[in-house]
Amino acid sequence: MDSKKRSSTEAEGSKERGLVHIWQAGSFPITPERLPGWGGKTVLQAALGVKHGVLLTEDGEVYSFGTLPWRSGPVEICPSSPILENALVGQYVITVATGSFHSGAVTDNGVAYMWGENSAGQCAVANQQYVPEPNPVSIADSEASPLLAVRILQLACGEEHTLALSISREIWAWGTGCQLGLITTAFPVTKPQKVEHLAGRVVLQVACGAFHSLALVQCLPSQDLKPVPERCNQCSQLLITMTDKEDHVIISDSHCCPLGVTLTESQAENHASTALSPSTETLDRQEEVFENTLVANDQSVATELNAVSAQITSSDAMSSQQNVMGTTEISSARNIPSYPDTQAVNEYLRKLSDHSVREDSEHGEKPVPSQPLLEEAIPNLHSPPTTSTSALNSLVVSCASAVGVRVAATYEAGALSLKKVMNFYSTTPCETGAQAGSSAIGPEGLKDSREEQVKQESMQGKKSSSLVDIREEETEGGSRRLSLPGLLSQVSPRLLRKAARVKTRTVVLTPTYSGEADALLPSLRTEVWTWGKGKEGQLGHGDVLPRLQPLCVKCLDGKEVIHLEAGGYHSLALTAKSQVYSWGSNTFGQLGHSDFPTTVPRLAKISSENGVWSIAAGRDYSLFLVDTEDFQPGLYYSGRQDPTEGDNLPENHSGSKTPVLLSCSKLGYISRVTAGKDSYLALVDKNIMGYIASLHELATTERRFYSKLSDIKSQILRPLLSLENLGTTTTVQLLQEVASRFSKLCYLIGQHGASLSSFLHGVKEARSLVILKHSSLFLDSYTEYCTSITNFLVMGGFQLLAKPAIDFLNKNQELLQDLSEVNDENTQLMEILNTLFFLPIRRLHNYAKVLLKLATCFEVASPEYQKLQDSSSCYECLALHLGRKRKEAEYTLGFWKTFPGKMTDSLRKPERRLLCESSNRALSLQHAGRFSVNWFILFNDALVHAQFSTHHVFPLATLWAEPLSEEAGGV
């Protein structure tokens, strides 16, 4: 193995890779320094805390530097140079992490080691202030029988907690605080516990801020989505019933379980581990958590408690928004067990209300009159269970198919979903009694209160989405008629006929899961989950509430997030399209997009021309590595800026409000950046023999190519396929096939771009390139797509599209010209389209060129040279082959348009007539959508090879006349 490693790095100049450069945060104009006392070992990864850091070398060794108060000797507390962690000697470490004052490492056999400060149990050791040496952490899955040790892939450390990602893609946590994601009041947690709320999901990455946590989770395949039960778990009766009347269909969810079941203790525990918000059984635990938080920060948490109190008051009205509002909300009364001590609940809620009123009065705000909360907190055992909107949607579809000419619900666009309407009329007897007891409400008053309840529910749900126009939704929602309790209004026959119409153009532009690609490359179908303290909005849910359990950040769904970073009180998300979303504290401009903090992710404005491919988040600043025209990464800094002597800074110089490009081009090719509290660090590679430059060229061009393909898909294909009239059935089917293959290829390119970004962070061995190891995956995908676009072109291409489609393309000709990189303004629309959709052939040529560059960095006799040379030839040959197919398709299209005119008078009349008839039949079948691509190509090839000679044309025409006649049918 050592000989192979030497051969692969000999030409690269391995001694000139992984050079460490360090800056002081806030002083970015200053030239970075080399790490004092560091030798020439190649560093693969670095991590920084508040006053210390760790380095991971290429041979798996770990070094610590900075202030190390947990060390025993005075020399070791503040070493002048990085010191080796002797406890890890003999172990091959694959990754390291640091918190504010502690560190962690993971070995190749999956064992996690922790050391440093342990006051909050963040090193998984009980009753010990410091852990001076790396100590192995025992992580065992108690659910497995026999007891099995859990192997770890990655660590993430905060100020008082640590998260570990296991090889089975589950999260384990220890330390102190709600940022653990555990329902417990026993702090510190020194024995690692599984974050049950994400159990069963594929977690790709974890990240820790000071007091919050992030997780990148792979989306569930559609077939793995858990269906909502149709019947009650206790009495087996239908939860939703349908009654077919003469002129309408009634759907009701007014099921009342006759058993009046109360959850048992075990069921309540299971419910607490699987629900998005804890049940009232854990209310006393939450009280302790909030009290502990109040000690740390009384003012900020007072606001959070006030919000929690307000949410409890309307808990039943907000039951449909549980998964949006997060884990600090109390679950809907219809799903929670009875609380054993009613008096305790009443006292706790009164305490929250009094505290909120005091805080409001201190800030000069008018106190809100307290509401009677006891009835809201005690569950109603006979209330119907909630049902997801997807289940109701399925029922509506089944209703429509059952009654034929009637439908179940009004599903025109509006703000109120079907679920909200049904929950709106599911007022329980207990609540009705409570309302009647407070005041006598007449029919009109009841209607107004219900409408106000629905409005509040909608507004509460928008707190965490915050990406829709609320005023527009209110306008649309006001135009809808609310039906009687338990009933849904009718749908007009026009809408039913429209819904029953077969949609022939349905095509999924986001490809389904493919086993081989998803196993080899990073997934782009991801979700972002956050939990912990959120007083600065760093959780991204649209509010400043804490979350005790992970909650999905809905507005990042579909953004293809590939990497997460957590700063002190802000968060960053990097997407496959080289964009960055940021949220949380923005006191010093660390979010990179405005002067104001944001509680939902917003797009950071780093560089208008270049994309971002790597990020890092410090305590109050952020770093962004961007692609440049010469492929040498540029480093942007956004955040705190400390004034120095001689600086002519404006009066408000607390931060750089827009990202600033640092001057570091002379350093080399930056492969990785790491941020701490007062310093940040970059790992730099020297470009020996062009090897590093070629790798960055491959990665940069691949990321840019994916961005272009994504723009084509979102701005051209998706709107085009949504048009009502595209043309004949065959034209639509061929266009669908092109779109499907295009989307599959686009997704593969996005995965490869993300893979290359990770590759640049690592050892950078040429033999590890996916494009070399699994070249068949790329060759097959390119071939499939080019075959589909060639078939489409042979059958007439975009010229066969109907007038609405042509009009759409004409309106967007400037956009098409920009995407296709056609500079001539006089170029025809069809030529621009052909150039645009054959761009993948050009990309194959680029693959061949870059791989050949990489091959020249190795000796001719080395296996790397041979492999790179062979792969380059494969991609070039395929590019030439597909280029010929494109020319043949373009010639075929032009040939069939002018075929009758090409016949000369030298042919006899029967031959000329038969050929003309055959040509006309082929064209009529083509336009009618009944002429297959294979017949068309074979007939064309035969005539082309015959070269229109008299003795060849007549037999060929006679030969093809019968198949054409059979295909033509009645044409």
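Preceding this paragraph is the structure being described.
Residues numbered from 1 in each chain as written. Predicted model: local features only at pLDDT ≥ 70, side-chain atom pairs only at ≥ 80, totals over all residues. Heavy atoms only, no water.

Account for the overall build of the protein, with residues named and values stated.
Counting its secondary structure elements, the protein contains 27 helices and 32 strands. Here the protein, with 971 residues, has 53% of them falling under the buried criterion. Sequence separation of at least 24 residues holds for 64% of the intrachain contacts in the protein that already meet a minimum separation of 6. Accessible surface computed for the protein: about 43,400 Å², of which carbon and sulfur atoms make up 52%. (Helix = DSSP H or I, 4+ residues; strand = E, 2+ residues; numbered from the N terminus. Buried < 20%, exposed > 50% of the residue type's maximum accessible area, 1.4 Å probe, protein only. Contact = heavy atoms within 4.5 Å. Areas by Shrake-Rupley, 256 points an atom, 1.4 Å probe, with all protein chains shown as cover.)

How would you explain the pattern of salt bridges if you had to name every residue and give the values?
Applying the stated criterion across every chain, the model contains 28 salt bridges. A salt bridge links Asp711 to Lys577; its shortest N-O distance comes to 3.5 Å. Here Lys577 lies in the loop between strand E24 (570–575) and strand E25 (580–584) and Asp711 lies in helix H16 (residues 691–721), a separation of 134 residues in the sequence. A residue is classified by how much of its surface remains accessible, and Asp711, at 22% relative accessible area, is partly exposed. Between Glu821 and Arg842 there is a salt bridge; the shortest N-O distance is 3.0 Å. Here Glu821, found in the loop between helix H21 (813–820) and helix H22 (829–837), pairs with Arg842, found in helix H23 (residues 839–855); they are 21 residues apart in sequence, far enough to count as distant. Using a relative accessible area of 45% as the deciding quantity, one classes Glu821 as partly exposed. (Salt bridge = Lys/Arg side-chain N within 4 Å of Asp/Glu carboxyl O.)

So what about the pairing of strand E13 (residues 152–157)? Which residues, and what values?
Of all six residues in E13, five are buried; the element is thus mostly enclosed. Across five bridges, the pairing between E13 and strand E14 (residues 161–166) is antiparallel. Among the inter-strand pairings, Ile152 is bridged to a residue of E14, identified as Ser166. Turn length for the E13-E14 hairpin, with the two strands adjacent in sequence and antiparallel, is three residues. (Pairing = 2+ DSSP bridges.)

How would you summarise the packing of aromatic side chains if you had to cite specific residues and measurements?
Evaluated as defined, the whole model comprises 12 aromatic pairs. Ring centres 5.3 Å apart and planes at 35° place the aromatic pair Phe798 and Phe837 in the tilted group. Highlighted residues: Phe798 in the loop between helix H19 (775–794) and helix H20 (803–811) and Phe837 in helix H22, separated in sequence by 39 residues. Classification of Phe837 by relative accessible area gives buried; the value is 1%. Through successive ring pairs, a cluster of aromatic residues spans Phe742, Tyr785, Phe792, Phe798 and Phe837. The aromatic ring of Phe211 is capped on one face by Lys533, whose charged end is 4.8 Å from the ring centroid. (Phe/Tyr/Trp six-rings, centres within 6.5 Å; stacked < 30°, edge-to-face > 60°. Lys NZ or Arg CZ within 6 Å of the ring centre and 35° of its normal.)

Would you mind going over the sheet that holds strand E8 (residues 102–107) in detail, with residue names and values included?
If you walk across this open sheet you meet the four strands as E7-E8-E9-E10, and the pairing is antiparallel. Lying at the two open borders of the sheet, with one neighbouring strand each, are strand E7 (93–98) and strand E10 (130–136). Neighbour-to-neighbour, the strand axes of this sheet turn through a mean angle of 10°, independent of strand direction. Across five bridges, E8 lies against strand E9 (residues 112–117) in antiparallel orientation. Considered in E9, the bridge of Ser103 is made with Trp115. (Axes fitted to C-alpha atoms, helices over the stretch in contact; angles between N-to-C directions.)

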